[in-house]
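# Geometric and topological summary
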Amino acid sequence: MVKTMPLIACHECDLLHRARPVPEESIAKCRRCGAVLYRHKRNSLDITLAMAIAGLILFIICNTHPFLALKQEGLIQETTIITGVKELYNQGMHALALLVLITSVVAPLIHLAGMVYVLLPLKLNRMPWKMPATFRFLQTIQQWTLMEVFMLGILVSMVKLSKTATVVPGIALYCFLVLIFVMAGTTASLDPRIIWEKLGHTHE
Amino acid sequence: MNNLSLTAAKAALMNCPRCDLLSKYKHSQPIKHAVCPRCGAAVHLRKPNSINRTWALIIAAAIFYIPANIFPITFVTSLGKVQSDTIISGVIYFINTGMWPIALVIFTASIVVPLLKLLVLSFLLVSIQRKSSWRPGDRTHLFRITEAVGRWSMVDIYALTIVVALLKLGFFATVEAGPAAVYFAAVVVITMLAAKVFDPRLTWDAMESENE
Ligand SMILES: [Zn+2]
Ligand SMILES: [Zn+2]
């Protein structure tokens, strides 16, 4: 008996495709609208787990050290992400402070920690508690992780301030730069189908 | 049959937005409670009430776009004088002081991108409502770009957060966030939500009905 290949529908135009296996490191695209249907990634789980753990360590360093300092006539003012959030809050910009806190601290932290929570047990062939709901939540929260935009924000603020005072980059800035690539790698290296297929169900 | 030219909806299958599992659409079942059997996400043939929801968010964002551009985004206090800046006056300031790259980044991220996003989404909605069959592939691609680019509009909010944290009492100037910052952040978040509730599959549904 020939095993039928599972059907997959394009998220952007709804066209049905047979999910044929694709060669390693390549992408299956929708033949009508060109959307990415799925990609095949080698050692997806291992690489992503390693990246998420590295990301968590970098994240802690980033948030406990200042990423920028301003010097003028003997005065030094340092900043971490949290001090910026606090200052906005003190100025009465509560909603804005919350938005910055969520998109640059809370969402990335939950995303990295959640990845480790889901992937580590799977690696040991165990099913993490509440896995489907957790992984769905991680997919949502990942969309609100704007760290790479924050990085550009840092560069913009550095240039803005450079004319009026001496801007000194801190350790956290370099850490931040690496973290962005690690976080991008965490998403790019994971084939979510591997996770979902662990749950067993397949179509028909 | 390798060359399927059937949509999931035509085959009465609902595509799970999260795990790609196709599940049977049953008419008897209240649509609101359909849940993916594998991952538990809510599943629909099409995103519910997509056109109306997207319009509502576009209109809300367009309304907030006005105060975001009229009100000051920063108050700079220096030597007892308070200077307020709007998004545009900030851009002009950077042009005048020769900081072209910054002017360009802020102008693109804060003014052009949100406006283009609203125009593109409106255009996509109108073309769907008129059952247009004009270049559906390009329209889908346009949506893809719009969705990906929106987040970068937050750049000035982050730059502001950092400047506010660094320029505090004791320095040559102190900086405070103005009301426009809140309106502007609302525009960015609302347009991001608008892209989420928009269903690009509707673009192709018009083509389907025409082929019949
Ligand atoms: Zn497609
Ligand atoms: Zn699902």
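In what follows, the structure referred to is the one given above.
Scoring rules and cut-offs
- Residues numbered from 1 in each chain as written.
- Chains lettered and ligands numbered in written order.
- Predicted model: local features only at pLDDT ≥ 70, side-chain atom pairs only at ≥ 80, totals over all residues.
- Heavy atoms only, no water.
- Salt bridge = Lys/Arg side-chain N within 4 Å of Asp/Glu carboxyl O.
- Helix = DSSP H or I, 4+ residues; strand = E, 2+ residues; numbered from the N terminus.
- Buried < 20%, exposed > 50% of the residue type's maximum accessible area, 1.4 Å probe, protein only.
- Donors = N, O, S within 2.8 Å, 3.2 Å for Na, K, Ca; no water.
- Tetrahedral: all angles 85-135°; square planar, octahedral: opposite > 155°, others 65-115°.
- Pairing = 2+ DSSP bridges.
- Axes fitted to C-alpha atoms, helices over the stretch in contact; angles between N-to-C directions.

### Thoughts on the pattern of salt bridges
Note that side chains of opposite charge can pair when their charged atoms are close. Scanning all chains against the criterion turns up ten salt bridges over all chains. B:Arg144 is paired through a salt bridge with A:Glu12; the nearest N and O atoms lie 2.5 Å apart. Placement of the pair is B:Arg144 in helix 4 (residues 136-149) and A:Glu12 in the loop between strand 1 (7-9) and strand 2 (16-18), with the two residues belonging to separate chains. The pair formed by B:Arg144 and A:Glu12 is uniform in burial state, with each residue classed as buried. Between A:Asp14 and B:Arg201 there is a salt bridge; the shortest N-O distance is 3.9 Å.

### Remarks on the coordination of the zinc ion (ligand 2)
All names here are of chain B. Protein coordination at the zinc ion (ligand 2): the donors are Cys16 (SG), Cys19 (SG), Cys36 (SG) and Cys39 (SG), at 2.2 to 2.4 Å from the metal. Around the zinc ion (ligand 2) sit four donor atoms; with metal-centred angles ranging over 101 to 115°, the donor geometry is tetrahedral. Its relative accessible area of 2% is what places Cys39 among the buried residues.

### As for the sheet that holds strand 6 (residues 75-79) of chain A
All names here are of chain A. The three strands are arranged 6-5-7 in an open sheet whose pairing can be described as antiparallel. Among the strands making up the open sheet, the edge pair consists of strand 6 and strand 7 (166-169). Strand-to-strand twist of the sheet, defined as the mean angle between neighbouring strand axes without regard to direction, takes the value 20°. As paired strands, strand 5 (residues 68-72) and strand 7 are joined by four bridges and run antiparallel to one another. If you follow Leu68 over to strand 7, its bridge partner there is Pro169.

### Looking at the coordination of the zinc ion (ligand 1)
Residues and elements named next belong to chain A. With distances of 2.2 to 2.4 Å, the protein atoms coordinating the zinc ion (ligand 1) are Cys10 (SG), Cys13 (SG), Cys30 (SG) and Cys33 (SG). Going along the chain, you hit the donors of the zinc ion (ligand 1) in the pattern C-x2-C-x16-C-x2-C. Each member of the pair, Cys10 as well as Cys13, carries the same accessibility label: buried.

Function cannot be read off these values alone, since they describe shape.
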